Amino acid sequence: MLEGLLESLSPLNIGLVLLGTLIGIIAGALPGLGPTLSVSLLIPFTYGMSSTTALILMGGIYVGAVYGGSITSILLGIPGTPNSTATVFDGFPMAQQGKALQALGASTTASAVGGLISALCLMFFTPMLSRVVMKFGVAEQFILAIFGLSVIAISSREHFIKGLLSGFFGLAIATIGYNPITGLDRFVFGTVWLSDGIPFMSAVIGLFGVAQTFKLAENACNIAGGEKVTGSLWEGIKSVFKHPVVTLHATVLGLFFGAVPGVGGGPANLISYSSISSAAKDRNTFGKGNVKGVIAAEASNNATVGTALIPTLAFGIPGSAVCAIVMGLLTMHGIDVGPRLFTNIPVTLYTFFWGFLFANIALVLIALPLMRYFAKLTILPYQILVPNILVLCVLGSYSLRGSFLDIIITLAFGVLGYFMRKAKFPMIGIVLGLVLGRMAEANLSRSLLIHKGWSFLYTRPITLAILILTALIIIIPNLNLKKIVAKRKAKA
Amino acid sequence: MKKYLNLELIMTMVLMAIIGILAIQGVFVEHLSQRSMTFPTFVFSIVAILGVVEITRNVLKTRKKLKTETAPAAKPEPEINEETGEVCNPRANLIEIIILTAVYCVLLWLVGFVVSSVALVITYGLRRKYKKPWVIVVAGIAIILVWYFLFTRLLGVSIFPGILLKGLF
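Predicted model, so just to flag it, every value in this text is computed and none were measured.

Comments concerning the overall build of chain B
Here comes step 1: Scanning chain B for helices and strands turns up five helices and zero strands.
Here comes step 2: Counted from the first residue to the last, chain B has its helices and strands arranged as α-α-α-α-α.
Here comes step 3: Sorting the 169 residues of chain B into buried and exposed places 37% on the buried side.
Here comes step 4: Relative to all contacts within chain B whose residues are 6 or more apart in sequence, the contacts with residues 24 or more apart total 61%.
Here comes step 5: In the form shown here, chain B has an accessible surface area of approximately 10,700 Å², with 69% of it arising from carbon and sulfur atoms.

Here you go:
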């Protein structure tokens, strides 16, 4: 471990960490690119590099890209990556109130804290955590999806029925495309373009980016609604440490969801945001510019980065597309992943872990000085901003698969998202439904096949525990509501 | 009947209609097997039930509101844009951006990303009477070209060329 640390502190490797993190931040900020594309674009450049150099550069890009999505989420209301969807809910309202700097400061610091803890877990606890991860099968993944969906009920308490309707609508849209078990096409209207289903990022760019553009155009004003950007970067940084419970709660959720194969940052930031917002005393302020919402989303999404590598390194099972690319790079540079890896950990791997850790520090050093300039986007005149945001949404959507249909999907979801928001349908429902739909259906079908029925719900201890937790999370807040209603009736 | 119509009711009906179309497509057009339809049937049924509950709730709420309202609420005074002196009309602004988006989509298909995006940026900026028209034209062209070179040359991501200008980009 010490050798790895000394190697990672060489001037070349420090330079690469900074360069990789900067490239990652820019790539993550551009909607439609994200960590997967950014890391895969790196691969051809690594053929001539040493293994340490390649891995450190890749680690920096990965960390930077996961964070970078929060910049457009906060400033423009467009999630740059699926991991930054929940950041829009409170980050963009903060920008609309002229507090873009505070939101950016909070997101950068929360990301760094979550990422640092995740890197430490990866370094010191991988063998231990891998034994826990091994116990998560298809039944547990299904029940985690149900847990994720149940937070719709608790996060949309003001508009309970609409929240559930929005969530199940998202689930319904997620059934479009191939059946995850039989492989046969469903609801594709005779076209091949819908065989892969509705791309999540295209839908989300539409629901948030295009819908926000319409709102800006309707109100004919800039994002901040004024001439100045108020609020300070330092206030944002301090807020992460002022709310340690929120930061740690979000980080722990991120560590957990990151380690479970097949879940990842997309659902993690949404579930973390919903869980924290529903448990908070000031829950009514979430979604209206509460800095705790930004902290919850960003701490959890960067916390998934390190632990997502645990099943990859420990079992050779990549939990996501980025992890598959990382595994490929490791194998290409002579590191065989799998259970034998931890009997004799090579120095190169430790250098990679330390590089990962330093990338989270580099995040703060690079991103914070640039935020003052990025925040000025929120006071640009709407006549310039509106068409350019629309263009960026179209570009981001097209760059996913190179399909014109994705642009149509984005614009259609933009119109739908605008009117749904106007009719007070919570957006978190439809987003959670879209992201968890396939996972829920596929794992339910597999669980029913493997366990020959519904017995997995009560015979598997982890599944039963999560099911009970889900039920408690739904029932307990509603019990309090009933008491309040009963008291009011008694008074009247 | 008309007085019960509001955006929330319409949106609920739109969501249910979309699910209805999917259900008809699955059952009567694609003739999907029972296995394929198990999960969708469950989800569609929940959407239908929730939709009916929400419509009922909305109608009852509107009825209660109509009974308690004595006089219609006064219309707010129209806002005037200080820069241009025009009366702000949010509805007209919304219709304008939706139409421009639809035209942009058609142009995108025909002439590709660069030409259609430059046209959109310049048209919108000039229509909204930005104080410095030359800034709109110059910035519009410059920003779109930056996006083009960033995505195609630096990142190697393709951009839609348009069916009429396929050979050029």
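We are not done yet, so read on.
Notes on the overall build of chain A
Here comes step 1: Looking only at helices and strands, chain A has 21 helices and two strands in total.
Here comes step 2: Sequence-distant contacts in chain A: of pairs separated by 6 or more residues, those separated by 24 or more amount to 80%.
Here comes step 3: For chain A, the exposed area adds up to about 17,700 Å²; of that, 69% sits on carbon and sulfur atoms.

Structural notes on the interface of chain B and chain A
Here comes step 1: Opposite the 59 residues of chain B that make contact, chain A presents 58 residues.
Here comes step 2: Where chain B abuts chain A, roughly 5,500 Å² becomes buried across the two surfaces, and 81% of that area is made up of carbon and sulfur atoms.
Here comes step 3: Viewed at the interface, chain A and chain B are joined by two salt bridges.
Here comes step 4: Glu-8 of chain B is the salt-bridge partner of Lys-162 of chain A, the closest N and O atoms lying 2.8 Å from each other.
Here comes step 5: Going through the elements one at a time, α1 (7-29), α2 (34-68), α3 (90-111), α4 (113-127) and α5 (133-154) of chain B are the ones with two or more residues in the side of chain B that touches chain A.
Here comes step 6: Of the residues assigned to the side of chain B that touches chain A, the class counts are 41 nonpolar, 10 polar and eight charged.

Let's talk about the nonpolar core
Here comes step 1: If you look at the biggest cluster of nonpolar residues, it comprises 190 residues, and the most contacted ones within it are Tyr-62, Phe-352 and Phe-356 of chain A together with Phe-113 and Trp-147 of chain B.
Here comes step 2: Looking at which element gives the most residues to this core, the answer is helix α16 (residues 347-374) of chain A, with 15 residues.
Here comes step 3: Aside from chain neighbours lying at most four places away, what touches Tyr-62 of chain A is Pro-35, Val-39, Val-305, Ala-308, Val-322, Cys-323 and Phe-356 of chain A.

Focus: helix α19 (residues 427-451) of chain A
All names here are of chain A.
Here comes step 1: In this model α19 runs 35 Å from its N-terminal to its C-terminal C-alpha over 25 residues, within 8% of the 36 Å that 1.5 Å per residue would give.
Here comes step 2: Roughly 45° is the biggest bend found in α19, and it falls at Leu-436.
Here comes step 3: Of the residues flanking the end of α19, it is Lys-452, one or two places downstream, whose phi is positive at about 55°.

Brief notes about the packing of aromatic side chains
For any two aromatic rings, the description comes down to two numbers: the centre-to-centre distance and the angle of the planes.
Residues and elements named next belong to chain A.
Here comes step 1: Across all of its chains, the model carries 16 aromatic pairs over all chains by this definition.
Here comes step 2: Centre to centre, the rings of Phe-89 and Tyr-273 are 5.2 Å apart; their planes meet at 50°, and the pair counts as tilted. Of this pair, Phe-89 sits in helix α5 (residues 87-96) while Tyr-273 sits in helix α12 (residues 265-279), placing them 184 residues apart in sequence.
Here comes step 3: Owing to a relative accessible area of 6%, Tyr-273 belongs among the buried residues under this scheme.
Here comes step 4: Centre to centre, the rings of Tyr-418 and Phe-419 are 5.0 Å apart; their planes meet at 85°, and the pair counts as edge-to-face.
Here comes step 5: Through successive ring pairs, a cluster of aromatic residues spans Tyr-62, Phe-352, Phe-353 and Phe-356.
Here comes step 6: Over the face of the ring belonging to Phe-425 we find Lys-162, whose NZ or CZ atom lies 5.8 Å from the ring centre.

Digging into the environment of Gly-34 of chain A
Here comes step 1: Mapped onto the fold, Gly-34 of chain A is located in helix α3 (residues 34-42).
Here comes step 2: The spatial distance from the C-alpha of Gly-34 of chain A to the C-alpha of Gly-64 of chain A is 9.7 Å, given a sequence separation of 30 residues.

Some thoughts on the pattern of salt bridges
Residue and element names in this part refer to chain B.
Here comes step 1: With the rule as written, the count across this model stands at 12 salt bridges over all chains.
Here comes step 2: Note that Glu-96 is salt-bridged to Arg-127, the shortest N-O span being 2.4 Å. Placement of the pair is Glu-96 in helix α3 and Arg-127 in helix α4, with a sequence separation of 31 residues.
Here comes step 3: Here Arg-128 makes a salt bridge to Glu-96, at a shortest N to O gap of 3.2 Å. Here Glu-96 lies in helix α3 and Arg-128 lies in the loop between α4 and α5, a separation of 32 residues in the sequence.
Here comes step 4: Judged by relative accessible area, which is 12%, Arg-128 ranks as buried.

Concerning the environment of Leu-368 of chain A
Residue and element names in this part refer to chain A.
Here comes step 1: Along the chain, Leu-368 falls in helix α16.
Here comes step 2: Of the residues examined, Leu-368 reaches a relative accessible area of 13% and is grouped as buried.
Here comes step 3: On a C-alpha basis, the gap between Leu-368 and Leu-101 in space is 9.5 Å, while along the polypeptide they are 267 residues apart.
Here comes step 4: With residues near it in sequence (within four places) discarded, Leu-368 still touches Gly-105, Thr-108, Leu-233, Ile-237 and Leu-363.

Remarks on α1 of chain B
Here comes step 1: For α1 of chain B, built from 23 residues, the straight-helix expectation of 33 Å at 1.5 Å per residue is met to within 8% by its first-to-last C-alpha distance of 31 Å.
Here comes step 2: Those residues of α1 of chain B lying buried are Glu-8, Leu-9, Met-11, Thr-12, Leu-15, Ile-19, Leu-22, Gln-25 and Gly-26 of chain B.
Here comes step 3: Those residues of α1 of chain B that are buried lie in contact with α8 (160-174) and α18 (404-422) of chain A together with α2 of chain B.
Here comes step 4: Backbone geometry just after α1 of chain B places His-31 of chain B at a positive phi near 50°.

Description of the packing of α5 of chain A against helix α13 (residues 291-307) of chain A
All names here are of chain A.
Here comes step 1: Two elements in contact, α5 and α13, have axes whose closest approach is 8 Å; the angle formed by their N-to-C orientations is 140°. What the angle tells us is that α5 and α13 run oblique. The two elements α5 and α13 meet at a crossing, and its hand is left-handed. Only Val-291, Gly-293, Val-294, Ala-297 and Glu-298 of α13 make contact with α5, whose side of the interface consists of Thr-87, Asp-90, Gly-91 and Met-94.
Here comes step 2: Here the contact of α5 with α13 is composed, by residue class, of four nonpolar, three polar and two charged.

Examining unusual backbone geometry
Residues and elements named next belong to chain A.
Here comes step 1: Notably, Lys-424 is not glycine yet its phi reads approximately 65°, a positive angle.
Here comes step 2: Its location among the elements puts Lys-424 in the loop between α18 and α19.
Here comes step 3: Although it is not a glycine, Lys-452 sits at a positive phi angle of roughly 55°.
Here comes step 4: On the secondary structure map, Lys-452 appears in the loop between α19 and α20 (456-459).

What counts, and where the lines are drawn
Residues numbered from 1 in each chain as written. Chains lettered and ligands numbered in written order. Predicted model: local features only at pLDDT ≥ 70, side-chain atom pairs only at ≥ 80, totals over all residues. Heavy atoms only, no water. Helix = DSSP H or I, 4+ residues; strand = E, 2+ residues; numbered from the N terminus. Buried < 20%, exposed > 50% of the residue type's maximum accessible area, 1.4 Å probe, protein only. Contact = heavy atoms within 4.5 Å. Areas by Shrake-Rupley, 256 points an atom, 1.4 Å probe, with all protein chains shown as cover. Buried area = accessible area lost by both parts, 1.4 Å probe. Salt bridge = Lys/Arg side-chain N within 4 Å of Asp/Glu carboxyl O. Nonpolar A, V, L, I, M, F, W, Y, C, P; charged D, E, K, R; others polar. Core = buried A, V, L, I, M, F, W, Y, C linked by side-chain atoms within 4.5 Å. Expected span 1.5 Å × (residues − 1). Bend = angle between axes of the 7 residues up to and from the residue. Phe/Tyr/Trp six-rings, centres within 6.5 Å; stacked < 30°, edge-to-face > 60°. Lys NZ or Arg CZ within 6 Å of the ring centre and 35° of its normal. Axes fitted to C-alpha atoms, helices over the stretch in contact; angles between N-to-C directions. Parallel < 35°, antiparallel > 145°, perpendicular 65-115°, else oblique. Left-handed = near helix turned anticlockwise from the far one by under 90°.

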